[in-house]
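# Results of the structural survey
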Amino acid sequence: MELFFNPFDNLLCILLGISFTVWFTLLLVFIIVPAIFGVSFGIRRLYMKTLLKIFEWATLRIERGAKEKNHHLYKPYSNAIIAREPTSLEEEIKEIRRSGSNKDLDSASEFEMSDIFYFARRGVESIMDDEVTKRFSAEELESWNLLTRSNNNFTYISLRLTVLWGLGLLIRYGFLLPLRVTLAFTGVGLLVFLTSVIGLLPNGRMKNFLSEKVHLMCYRICVRALTAIITYHDSENKPKNGGICVANHTSPIDVIILASDGCYAMVGQIHGGLMGVIQRSMVKACPHVWFERSEVKDRHLVAKRLSDHVQDKSKLPILIFPEGTCINNTSVMMFKKGSFEIGATVYPVAIKYDPRFGDAFWNSSKFGMVSYLLRMMSSWAIVCSVWYLPPMSREEGEDAVQFANRVKAAIARQGGLVDLLWDGGLKREKVKDTFKEEQQKLYSKMLRPSWTPLTT
Amino acid sequence: MGSRASTLLREEEIEEIKKETGFSHSQITRLYSRFTSLDKGENGTLSREDFQRIPELAINPLGDRIINAFFPEGEDQVNFRGFMRTLAHFRPIEDNEKNKNPTASEPLNSRSNKLLFAFRLYDLDRDDKISRDELLQVLRMMVGVNISDEQLGSIADRTIQEADTNGDSCISFQEFIKASLVEKLCETCF
């Protein structure tokens, strides 16, 4: 009996051993070595093109199926519910009064009972659809990308489509996810280990050179761990030492995307746990700006440390996300003025994700970091475009807020995003009363503009 | 979660809402998606806090009154049917509806129902009259702290004087209609 089992066992071991070796060699050759040298075989782009073709077929299939059953499909953008033209409060109320009254307009510049129609209509319009709350949840897609999480027309699936979806599920969770997790661990592990080793070297050109290489290599491995397919535009505008790089914020992955193409000094709060370990080892190799939790509140301290860093031309450019929170990549919200007061050259960067392959937005009220990363690693891919915009400086007579808005407008224009004045902090906090008071002031000017208002 | 919109709303319900409010199929699914995205507690109803989370509504001077209009007497939660019924007041009157059978029940977005909605924004205690106090309250909400009590009082007095035809110092629904010459108004602005 024993003799019978032995060769079988042996065979199994040999097979396992061979497949492991093959697996690792492939991994090394196709993924890790190119990451070290920064070259690409183009496998990911081929993958992306194939996926797109499959998605188009899937969408057509759903539409055909829905037509056959005479059902309606849910299309988020083709059904606009309100037709809104941008007009001011004064214009609209005058229009309402004009159409309702046969009195001469000038003598009737006092209160009319119909004035409430303006506020009522605006209020109900904002209930039906507003510009702000939809930025804090994932963007809705027009076509289906074979992920259950983004499917709105769930009932209209044919057999072939279900099979395809099942196959997709298998590939994503059975093959891609383990591969990506392995890569992620490799990347992070190497980063921590190598930066600690480099930290032992004396400060000098050799250290900076090695640190740069190590950072780039590890970030590139992480990029492959997410199957991120990134297109960089206008690389001649890449941030230089002594500058500040600002970008719109959609997820923590933004950092990996930018840092795999250039070296930056990160800014942030020191965390505990794994994050903290990574942060502490990174700062050994090159100076990043990490703050203790208590220091974050002190704006002067923060500003001082940042401006000290940019004045030292040997240090890397700082990477900052002035929105302060993750927005869903359809718009750019208010930039906090802190980083624009320092007086350094600002290098704006626009990042736009393609939502068809996987939604990169981190909805922190819904998902923790770990479940977010798992979702990322089980999507098809992360496809995005990065534009390096020409550097900007604060002009004469421009204050920090105006400068911030100018940079924001440039980023929004380049990335094709909506430029909003609303604060991203509205995700969690209530809106300030000053905005309501502005509306009230505008309206009270309409009632007898000759009266001086009580507050200016 | 907006992405599960059309799966949780059954076809029969959509048909019923269509008959009651006159919205189209796609408009109803769109508004249902909106309803679920506002419903943070995910319990199928909206509370006043859910509405106040919309920044553009929170800065509207009449925001609280408008939110009130969605909630029936004394209740704190509104479900999707109630939500749609109130929104239906703001659906524009279409041409094919103008010649409808006069004996059929009045559609929600009829002229007089729109006027009633606006009237109720003033008339908080639902006694079918807008008193001087109620008028002052709404005026105060709209102008904030920018106009003094005396000036506001004289605006209110003047308005009531012009609109009040039966001399009871209050504005009834009929007087309200005449005062704003709102017949033409509803077609242009709602």
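Procedures and definitions
- Residues numbered from 1 in each chain as written.
- Chains lettered and ligands numbered in written order.
- Predicted model: local features only at pLDDT ≥ 70, side-chain atom pairs only at ≥ 80, totals over all residues.
- Heavy atoms only, no water.
- Helix = DSSP H or I, 4+ residues; strand = E, 2+ residues; numbered from the N terminus.
- Contact = heavy atoms within 4.5 Å.
- Areas by Shrake-Rupley, 256 points an atom, 1.4 Å probe, with all protein chains shown as cover.
- 1 Å grid on protein atoms, 1.4 Å probe; cavity = no way out; pocket = protein on both sides within 12 Å on 5 of 7 lines; lining within 4 Å.
- Points joined across faces, edges and corners; volume = space filled by probe spheres on them.
- Pairing = 2+ DSSP bridges.
- Axes fitted to C-alpha atoms, helices over the stretch in contact; angles between N-to-C directions.
- Buried < 20%, exposed > 50% of the residue type's maximum accessible area, 1.4 Å probe, protein only.
- Expected span 1.5 Å × (residues − 1).
- Phe/Tyr/Trp six-rings, centres within 6.5 Å; stacked < 30°, edge-to-face > 60°.
- Disulfide = S-S within 2.5 Å.
- Salt bridge = Lys/Arg side-chain N within 4 Å of Asp/Glu carboxyl O.
- UniProt positions renumbered as here; feature names shortened; annotations may be inferred.
- Core = buried A, V, L, I, M, F, W, Y, C linked by side-chain atoms within 4.5 Å.

### Some points on the overall build of chain B
Scanning chain B from terminus to terminus reveals 13 helices and 4 strands. Pairs at least 24 residues apart make up 53% of the contacts formed inside chain B by residues separated by at least 6 positions. A total accessible area of about 9,100 Å² is found for chain B, and carbon and sulfur atoms account for 48% of it.

### Some details on empty space enclosed by the protein
Residue and element names in this part refer to chain A. Summed over all chains, the structure comprises 3 cavities of 30 Å³ or more. Roughly 70 Å³ of volume is contained in the second largest cavity. Looking at the second largest cavity, it is lined by 13 residues, and the ones nearest its centre are His215, Tyr219, Gly262, Cys263 and Tyr264. Ranked by the residues each element gives to the lining of the second largest cavity, the list is headed by helix α6 (residues 205-225), at 4 residues.

### Let's talk about the sheet that holds strand β8 (residues 382-388) of chain A
Residues and elements named next belong to chain A. The 7 strands lie next to each other as β1-β8-β7-β2-β5-β3-β4, forming an open sheet whose pairing is mixed. Since the sheet does not close on itself, it has two edges, and those belong to β1 (228-233) and β4 (289-291), each with one partner. Across this sheet, the average inter-strand angle for adjacent strands is 25°, counted without regard to direction. Relative to β4, strand β3 (residues 265-269) is paired through 3 bridges, and the arrangement is parallel. When the bridges of β4 are listed, Gln269 appears paired with Phe291. Packed on one face of the sheet, helix α2 (residues 43-68) meets β1 and β8 and runs near 105° to β1.

### Brief notes about helix α8 (residues 273-285) of chain A
Every buried residue of α8 of chain A is accounted for by Gly276, Ile278, Gln279, Ser281, Met282 and Ala285 of chain A. Tucked into the core, α8 of chain A has its buried residues touching α5 (159-199), α6, β3 and β4 of chain A.

### A short note on helix α3 (residues 25-38) of chain B
All names here are of chain B. Relative to the 20 Å expected for 14 residues at 1.5 Å per residue, α3 spans 20 Å between its end C-alpha atoms, a close match to the ideal helical length. In terms of burial, α3 is a largely internal element, 11 of the 14 residues being buried. For α3, every residue scored as buried is listed here: His25, Ile28, Thr29, Arg30, Leu31, Tyr32, Ser33, Arg34, Phe35, Thr36 and Leu38.

### As for the packing of aromatic side chains
In the structure shown here, the tally under the stated rule is 22 aromatic pairs over all chains. Here Trp422 of chain A and Phe435 of chain A contribute two aromatic rings whose centre-to-centre distance is 5.9 Å and whose plane-to-plane angle is 40°, an arrangement assigned as tilted. Of this pair, Trp422 of chain A sits in the loop between β9 (418-419) and α13 (433-446) while Phe435 of chain A is found in helix α13, placing the two residues 13 residues apart along the sequence. By relative accessible area, which is 37% here, Phe435 of chain A ends up partly exposed. With a centroid separation of 6.4 Å and an interplanar angle of 20°, the aromatic rings of Tyr32 of chain B and Phe35 of chain B are classed as stacked. Here Tyr32 of chain B pairs with Phe35 of chain B, and both are found in helix α3, just 3 residues apart, close to one helical turn. Neither Tyr32 of chain B nor Phe35 of chain B differs from the other in exposure class; each is buried.

### Side note on the state of the cysteines
Residue and element names in this part refer to chain A. Counted according to the given criterion, the structure contains 0 disulfides over all chains. No disulfide involves Cys222; its nearest neighbouring cysteine sulfur is the one of Cys218, lying 7.1 Å away. The exposure class assigned to Cys222 is buried, which follows from its relative accessible area of 12%.

### Regarding the pattern of salt bridges
Pairing between side chains of opposite charge can happen when the charged atoms of each approach one another. Residue and element names in this part refer to chain B. For the structure on display, the rule yields 21 salt bridges over all chains. For Glu20, the salt bridge is made with Arg85, and the minimal N-O distance between the two is 2.5 Å. Remark: Arg85 occurs in helix α7 (residues 80-87) and Glu20 occurs in helix α2 (residues 11-21); sequence separation between them is 65 residues. Its salt-bridge partner being Asp76, residue Arg48 comes within 3.1 Å of it at the nearest N-O pair. Here Arg48, found in helix α4 (residues 48-52), pairs with Asp76, found in the loop between α6 (63-70) and β2 (78-79); they are 28 residues apart in sequence, far enough to count as distant.

### Quick look at the UniProt feature "transmembrane region" (unreviewed entry) in chain A
All names here are of chain A. UniProt's feature table lists "transmembrane region" (unreviewed entry) at residues 20-43, 154-175 and 181-201, given in the numbering used throughout. A helix fraction of 79% and a strand fraction of 0% characterise residues 20-43, whose end C-alpha atoms lie 22 Å from each other. Across residues 181-201, the secondary structure splits into 90% helix and 0% strand, with the terminal C-alpha atoms separated by 31 Å.

### Side note on the UniProt feature "domain: Phospholipid/glycerol acyltransferase" (unreviewed entry) in chain A
The sites that carry the UniProt feature "domain: Phospholipid/glycerol acyltransferase" (unreviewed entry) are, in the present numbering, residues 243-354 of chain A. With 33% helix and 23% strand, residues 243-354 of chain A has its two end C-alpha atoms placed 28 Å apart.

### Overview of the nonpolar core
Ranked by size, the top nonpolar core spans 64 residues in total, and within it Phe111 of chain A together with Phe51 and Phe83 of chain B carry the most contacts. Ignoring anything within four residues of it in the chain, the contact list for Phe51 of chain B reads Ile127 of chain A together with Leu46, Leu57, Ile67, Phe70, Phe71, Val78 and Phe83 of chain B. With 51 residues, the next largest nonpolar core counts Ile221, Leu258, Tyr264 and Met266 of chain A among its residues.

### Some remarks on the UniProt feature "domain: EF-hand" (unreviewed entry) in chain B
Residue and element names in this part refer to chain B. Per the UniProt record, the feature "domain: EF-hand" (unreviewed entry) sits at residues 26-61 and 110-145. Measuring from the first to the last C-alpha atom of residues 26-61 gives 31 Å, for a span that is 61% helix and 6% strand. A helix fraction of 67% and a strand fraction of 6% characterise residues 110-145, whose end C-alpha atoms lie 36 Å from each other.

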